[in-house]
Amino acid sequence: MYAWQRQSVPGAASFIVLVLAIAGWCLGYSLEILSIGLSAKIFWGKVQYFGITTLPVAWLTFALQYTRRESWLTRRNLLLLAIIPLITVLLVWTNGIHGLVWSEVTLDRSGPFPAMSVHYGLWFWVHLVYSYMLLLLGTLMLIRMVITFPDLYRWQAILLLFGAIAPWIGNIIYVFGLTPVPNLDFTPLVFSLSGVTIGLNLFRFGFFDIVPVARRAIVDSMSDAVIVLDLQNRIVDLNPAAQRLIGYPGSDAIGRTGTQALSSWAELLSQFRDQREARTELVKYEPDGPRHFEVQISSLLDQQEKPTGSLIVVRDITGRKEAEQALRDSEKRFRQVVSSISDHIYMTEFAANGHQSNLYISPNVATLTGYPLEKFTGDWNFWPTVVIHPDDRASAAKQVERFAQGKNSETEYRMTRADGEVIWVRDSGTVEKEAGGQGWVVYGVVSDITERKRAEQALLTSEAKFRTLAETISSGIFIHAGQEFKYVNSAAETLTGYSQAELMTLKFWDLVHPEFKALVKERALARLADPNQPPPHYELKMVRKEGQTRWVDLTTSVIDFEGQTAVLGTVFDITARKQTEEALSVALEQAQEASQLKTQLLANVSHDLRTPLNAILGYTEMLQEGLYGPLSSRQEAATAEIIDSTGQLLDFINNLLSQAELESGRVKLNIVDFSPAALLETMHSAAGTMARAKGLTLTTEIADNVPPTVPGDPYWLRQILANLVNNALKFTDRGRVDVSIRCPNAHHWAIVVADTGCGIPQEALPYIFESFERASGAAPGVHVGSGLGLSIVKNLVYLMGGHVNVDSDVGQGSTFTILLPLASVREKQA
Amino acid sequence: MTLPLALIIEDDPKLAHIFGEALRAAEFEAEIISDGHVAADRLAATIPAVVVLDLHLPEVSGEAILHQIRADERLEGTSVMIATADPHLAETLRNQADLVLIKPISFGQLRDLAKRLRPVDQS
């Protein structure tokens, strides 16, 4: 019953079976002895075998369990062990048929009581060997264990050993016929004895409490110090760790009071002297640094719950304390790091059931978002539904899905700060499995990448801008490297007639017109020879896809393209310009030809007008001179009108031709030294007639300081003088016209024409030198002229490097002064 | 008394007539020649006091005749009056001629200028 109550204890269950087997055997044997008839004895003999066959198996099982080898006792092994016993029982009960167990059974009446005498059959020996083998195994196991028993369990050990060996002795005596009482089998008796001794163990020594032996081994090997005190605070037990702690070997320590033994701990323990249940941590300062101990004091109670002593467990927790400190230091550093970086850091736990919770949110989130930290710690949804930009919430949600699947994820999205500013962030999370848990933790970093995004955007914009520029510009742009095109723009397609794809398979050389290949080669070689002096651009002909030739202007520069030296070229079509140039060249030739013709025409006009004019003038003068007989007064007046008109016509012709020459820029001055006196004489002989006709005085004068010859073009100077004098005579009705030559300074000589005519109004002065412009003060119809005279004078004088000045008073007359250089023009021409 | 000889070398008959009348009025014996070849032959045979020379002549140019006169030592005393409608050409020959007159030339002016060129011993 004792064992039954403790069947949970190792070995208890098999022990019950063992005792039952012994009991069965003993009962069967007793009834066999007490039976008189042989058949009755055989029956009880057979009954015994239930116990006999069960016993070895139960014994071995008990030994295995008791020595903590239960793991071997699988259901399969137990079945294997039971095979032979089962066969034995079967054969015993069918022995009458085959006699494999008992070959012969007789009744022996020789002893003190009638006994069954048997001759054993073959199977009996199989059974015997098997049974002994199991018993031997079990016994050896127990003996081996008993040897290692500490003193405290000595009696337990002796009794157990006796219980183990006794059946052997009995059985050997019986089997080998050494018994003093013939035919009496001692085996069931000694097995009963074993049962008694083991039962004694159970009752007296708490046999199944042998498990504390294991506990002892554990306690002894513990690194914690364990001290057991009795009610008088005397040490009754202590483990090696405690011995090391107090510095006494166990034998010295037992019996001492706790206070004595733990003298070095006295102060620390004093406060716990009267306490039965306490737990505290102590620090003991030792030379190599402080050591931390956890002390636990608890009462030891007996089965009646009465205190029997106390147990002190002292644990060295220095390592743990140091680890805790290291952890605190580490965490402090971690927090410092987190607060010193601008990135926001978070840890989110994803439980196996999908539930999310924020483990940590760095305070930087406030700086990053502008919202207070509490907004985030309190509400998981604040980040995804308020902070993340509405347009990016879907992509951010995908990241959370990935986290929920236990995958790392990195994404970029926009968020709206509390102040409304939209910034770009990169949210990068790494997933780590929770130690021992089913869920995982995401360690995330959120960084502000707005600047980078802006730079990227700026780059993209810039790239797009230049690409658009390159693709919309009308010039062809290409990059040529390593004998092939690396880039061509749309305009290059238009220009060459090839598609971009086709151009990529061609070389620049392929497009050059054969006439220009030599030039292109020469330029390329020149650039190779001196890369710093490439010709900025040149013109060449290119051949289009369909064979048409186009003129282009090519500009090249050497650039670095993807780490390779390349040529960046700009080509624009100048075919139209070339055609225009050619047309212009033809036009110029034609114009020059026309100009030649015009000059020739002018010369002919001049000759052809002057000759008949001379005839008119000559014959009219001869009429006047009376060569053809005397004239009436009316005839004289008529001839005078003819002469006057002829003069006007001549003036007009002269000026017209001069103007034409001036406008065509063909006036070439022929500067020679000539006599100013001759100039005046020629003028006087031509104008004298008109002066006389109008009744005016025409005088000429040369100042003393004028040299005999002065430089100038006499032809054009005569023209200038004729114009000035004719004008003076024309606009003067009374008085005189005085023409003089003088030198106003060392560098100039001057022609002065002064009249006493009508004068020029002040407001008309700026216009008198313009072509076809006459002073408005002149009476219309009275003074007729070409309106070219003064314009020609001014142009010619400027051409000669001189200057015209006019001084006029209305009603008083005008004075024109032509100032001409004495030397400079000729020197300039030379 | 023989008048000094004036050769009028002019291919236009009207002008040659006017110039001849002017020279006669200036008391010269005026001989009119309208052809360059004839003029050259005549100049080789006689020594005129004055030559009124047109530059645009058929066959032999007036310029060539001027050169001939200036190259001939016999004609050292002969005065040459160029009478032309081409002012530019006339300018180039100004140094070789005694007078350059651009057409139209006044009858009176030619007569007066010619008078001045009469040989002194004969005036």
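Thresholds, definitions, all that
Residues numbered from 1 in each chain as written. Chains lettered and ligands numbered in written order. Predicted model: local features only at pLDDT ≥ 70, side-chain atom pairs only at ≥ 80, totals over all residues. Heavy atoms only, no water. Helix = DSSP H or I, 4+ residues; strand = E, 2+ residues; numbered from the N terminus. Buried < 20%, exposed > 50% of the residue type's maximum accessible area, 1.4 Å probe, protein only. Contact = heavy atoms within 4.5 Å. Areas by Shrake-Rupley, 256 points an atom, 1.4 Å probe, with all protein chains shown as cover. Phe/Tyr/Trp six-rings, centres within 6.5 Å; stacked < 30°, edge-to-face > 60°. Lys NZ or Arg CZ within 6 Å of the ring centre and 35° of its normal. Salt bridge = Lys/Arg side-chain N within 4 Å of Asp/Glu carboxyl O. Pairing = 2+ DSSP bridges. Arc of directions from axis to C-beta. Polar contact = N/O pair within 3.5 Å; in protein donor to acceptor, adjacent residues only side chain to side chain. Core = buried A, V, L, I, M, F, W, Y, C linked by side-chain atoms within 4.5 Å. Axes fitted to C-alpha atoms, helices over the stretch in contact; angles between N-to-C directions. Parallel < 35°, antiparallel > 145°, perpendicular 65-115°, else oblique. Left-handed = near helix turned anticlockwise from the far one by under 90°. Nonpolar A, V, L, I, M, F, W, Y, C, P; charged D, E, K, R; others polar. Buried area = accessible area lost by both parts, 1.4 Å probe. pLDDT = per-residue confidence, 0-100.

Chemist: Hey, could you run me through the overall build of chain A in this one?
Modeler: In terms of helices and strands, chain A carries 29 helices and 24 strands. The proportion of buried residues among the 830 residues of chain A is 40%. Long-range contacts, defined as pairs at least 24 residues apart, comprise 54% of the intrachain contacts of chain A with a sequence gap of at least 6. Roughly 45,300 Å² of accessible area belongs to chain A as shown, and the carbon and sulfur atoms make up 58% of that amount.

Chemist: Sorry, what's going on with the packing of aromatic side chains here?
Modeler: The description of an aromatic ring pair rests on the distance of the ring centres and on the angle between the ring planes. Residues and elements named next belong to chain A. In the structure shown here, the tally under the stated rule is 19 aromatic pairs over all chains. Judged by centre distance (5.8 Å) and plane angle (80 degrees), the ring pair of Tyr120 and Trp125 falls under edge-to-face. Seen from their ring centres, Phe124 and Trp125 are 5.4 Å apart, and the 85 degrees between their planes marks the pair as edge-to-face. Ring pairing ties together the aromatic residues Phe43, Trp44, Phe50 and Trp93, which thus form one cluster. The ring of Trp551 carries the charged tip of Lys578 above its face, separated from the ring centre by 4.3 Å.

Chemist: Can you help me understand the pattern of salt bridges in this one?
Modeler: Oppositely charged side chains can pair when the atoms bearing their charge come close. Applying the stated criterion across every chain yields a total of 36 salt bridges over all chains. Across the salt bridge formed by Lys545 of chain A and Glu502 of chain A, the nearest N and O atoms sit 2.9 Å from each other. Of this pair, Lys545 of chain A sits in the loop between β15 (537–543) and β16 (549–561) while Glu502 of chain A sits in helix α21 (residues 500–503), placing them 43 residues apart in sequence. With a shortest N-O distance of 3.1 Å, Arg74 of chain B and Asp72 of chain B are connected by a salt bridge. Residues joined by salt bridges that share partners form a network here, namely Glu294, Arg320, Lys321 and Glu324 of chain A.

Chemist: Explain the pairing of strand β7 (residues 307–316) of chain A to me, please; I cannot follow it from the model alone.
Modeler: As a general feature of sheets, a regular strand has side chains that alternate between the two faces. Residues and elements named next belong to chain A. Pairing between strand β3 (residues 225–230) and β7: 6 bridges, direction antiparallel. Paired with Val228 across the two strands is Leu311, which belongs to β7. Direction of pairing for strand β6 (residues 289–301) relative to β7: antiparallel, over a ladder of 9 bridges. Pairing of Glu294 across the sheet is with Arg315, part of β7.

Chemist: Whenever I open this one, helix α2 (residues 36–45) of chain B confuses me. Can you help?
Modeler: One full turn of an α-helix is made of 3.6 residues, so residues set three or four places apart face in the same direction. Residues and elements named next belong to chain B. When α2 is considered as a whole, its buried residues turn out to be Gly36, Ala39, Ala40 and Leu43. Summarising the axial view, the buried residues of α2 lie within an arc of 100 degrees, below the 170-degree limit, and thus occupy one face. More than 90 degrees from the buried face of α2, the exposed residues found are Asp41 and Ala45. Its side-chain oxygen at 2.9 Å from the backbone nitrogen of His37, Asp35 defines the N-terminal cap of α2.

Chemist: What's the story with the environment of Met81 of chain B in this structure? I'm lost.
Modeler: Looking at where Met81 of chain B falls in the secondary structure, it is placed in strand β4 (residues 79–84). The contact partners of Met81 of chain B, leaving out residues within four places of it in the chain, are Val50, Val51, Val52, Leu53, Leu99, Leu101, Leu110, Leu113, Ala114 and Leu117 of chain B.

Chemist: Could you clarify how one ought to interpret the nonpolar core in this entry?
Modeler: It is characteristic of soluble globular proteins that their nonpolar side chains tend to be buried jointly. All names here are of chain A. In terms of nonpolar packing, the biggest core is built from 48 residues, with Trp749 and Ile751 touching the most fellow members. Listed by contribution, the elements that provide at least two residues to this core are α26 (676–694), α27 (714–730), β21 (736–745), β22 (748–755), α28 (789–799), β23 (803–809) and β24 (813–821). Counting residues per element, this core draws most heavily on α27, at 9 residues. Grouped together as the second largest cluster of nonpolar side chains are 38 residues, Trp25, Trp59, Leu134 and Met145 included.

Chemist: Would you mind going over the packing of α26 of chain A against α27 of chain A with me for this structure?
Modeler: A packed helix pair is summarised by two numbers, namely the angle formed by the two axes and the spacing between the axes. All names here are of chain A. Contact geometry of α26 with α27 gives a least axis separation of 10 Å together with a crossing angle of 20 degrees. On the basis of their axis angle, the class for α26 and α27 is roughly parallel. Seen from above, α26 lies across α27 with right-handed handedness. For the pair formed by α26 and α27, the contact residues are Leu679, Leu680, Thr682, Met683, Ala687, Met690, Ala691 and Lys694 on the first element and Pro714, Leu717, Arg718, Leu721, Val725, Leu729 and Lys730 on the second. Grouping the amino acids of the contact of α26 with α27 by side-chain chemistry returns 11 nonpolar, 1 polar and 3 charged.

Chemist: Help me understand the sheet that holds strand β9 (residues 356–361) of chain A, please; the structure alone is not making it clear to me.
Modeler: The strands that make up a sheet are held in pairs by hydrogen bonds between backbone atoms, and each pair lies either parallel or antiparallel. All names here are of chain A. If you trace the 5 strands from one edge of the open sheet to the other, you get β9-β8-β12-β11-β10, paired in antiparallel fashion. The open sheet has two edge strands, β9 and β10 (409–416), and neither has a second partner. The sheet shows a mean angle of 25 degrees between the axes of neighbouring strands, direction not considered. The pairing of strand β11 (residues 422–433) with strand β12 (residues 440–448) spans 9 bridges and is antiparallel. The residue bridging Lys433 from the neighbouring strand is Trp440, located in β12. Most of the contacts of helix α18 (residues 393–404) go to β10, to which it runs at about 145 degrees, and overall it touches β8 (344–350), β9, β10, β11 and β12.

Chemist: What should I look at first to understand unusual backbone geometry in this one?
Modeler: What is expected of a backbone is that most residues other than glycine have negative phi and most peptide bonds are trans. A cis amide bond links Lys103 of chain B with the next residue in sequence, Pro104 of chain B, at an omega value of 5 degrees. Along the chain, Pro104 of chain B falls in the loop between β5 (99–102) and α5 (107–116). In this structure, Gln483 of chain A is a non-glycine residue whose phi angle is positive, near 65 degrees. Structurally, Gln483 of chain A is set in the loop between β13 (476–481) and β14 (484–488). Positive phi, close to 65 degrees, is recorded for Glu27 of chain B, a residue that is not glycine. When its relative accessible area of 45% is taken as the criterion, Glu27 of chain B is described as partly exposed.

Chemist: Explain the interface of chain B and chain A here, please?
Modeler: Note on interface size: it is often stated as the accessible area lost on association of the parts. Chain B puts 23 residues into the contact, and the matching count from chain A is 24 residues. Summed over both partners, the interface of chain B with chain A buries about 2,100 Å², with 59% contributed by carbon and sulfur atoms. Considering only the surface of chain B that becomes buried against chain A, Glu91, Pro104 and Phe107 of chain B emerge as the three largest contributors, covering 26% of it. At the boundary of chain B with chain A, the tally comes to 2 salt bridges. One salt bridge connects Arg111 of chain B with Glu625 of chain A, and the closest N-O pair in it is separated by 2.7 Å. Elements represented by at least two residues in the side of chain B that touches chain A include exactly α1 (13–25), α4 (87–92) and α5 of chain B.

Chemist: How do you make sense of the sheet that holds strand β3 (residues 50–53) of chain B when you look at a structure like this?
Modeler: Residue and element names in this part refer to chain B. Strand order in the open sheet made by the 5 strands is β2-β1-β3-β4-β5, with parallel pairing throughout. On the outer flanks of this sheet lie β2 (29–33) and β5, each paired with one strand and no other. Averaged over all neighbouring strand pairs, the angle between strand axes comes to 20 degrees, with direction disregarded. On top of the sheet, α5 reaches β4 and β5; it is set at about 175 degrees to β5, its chief contact.

Chemist: Please clarify how the environment of Val512 of chain A should be interpreted in this entry.
Modeler: Residue and element names in this part refer to chain A. Here Val512 shows up in the loop between α22 (508–511) and α23 (517–529). The buried category is assigned to Val512, whose relative accessible area is 2%. It is 9.6 Å that separates the C-alpha atoms of Val512 and Thr549, two residues lying 37 residues apart in sequence. When near neighbours in sequence (up to four residues on either side) are disregarded, Val512 contacts Lys517, Val520, Leu540, Lys541 and Val543.

Chemist: Mind showing me how you'd approach the pairing of β5 of chain B here?
Modeler: In the sheet, β4 of chain B pairs with β5 of chain B via 4 bridges, with the strands oriented parallel. Within β5 of chain B, the residue paired with Ile82 of chain B across the bridge is Val100 of chain B.

Chemist: Help me understand the confidence of the model for chain B in this model?
Modeler: Caution applies to low-pLDDT parts of the model: their predicted coordinates are not meant to be read in detail. Mean pLDDT for chain B: 89, with 96% of residues reaching 70 or above. Scoring the predicted complex yields pTM 0.40 and, for the interface, ipTM 0.92.

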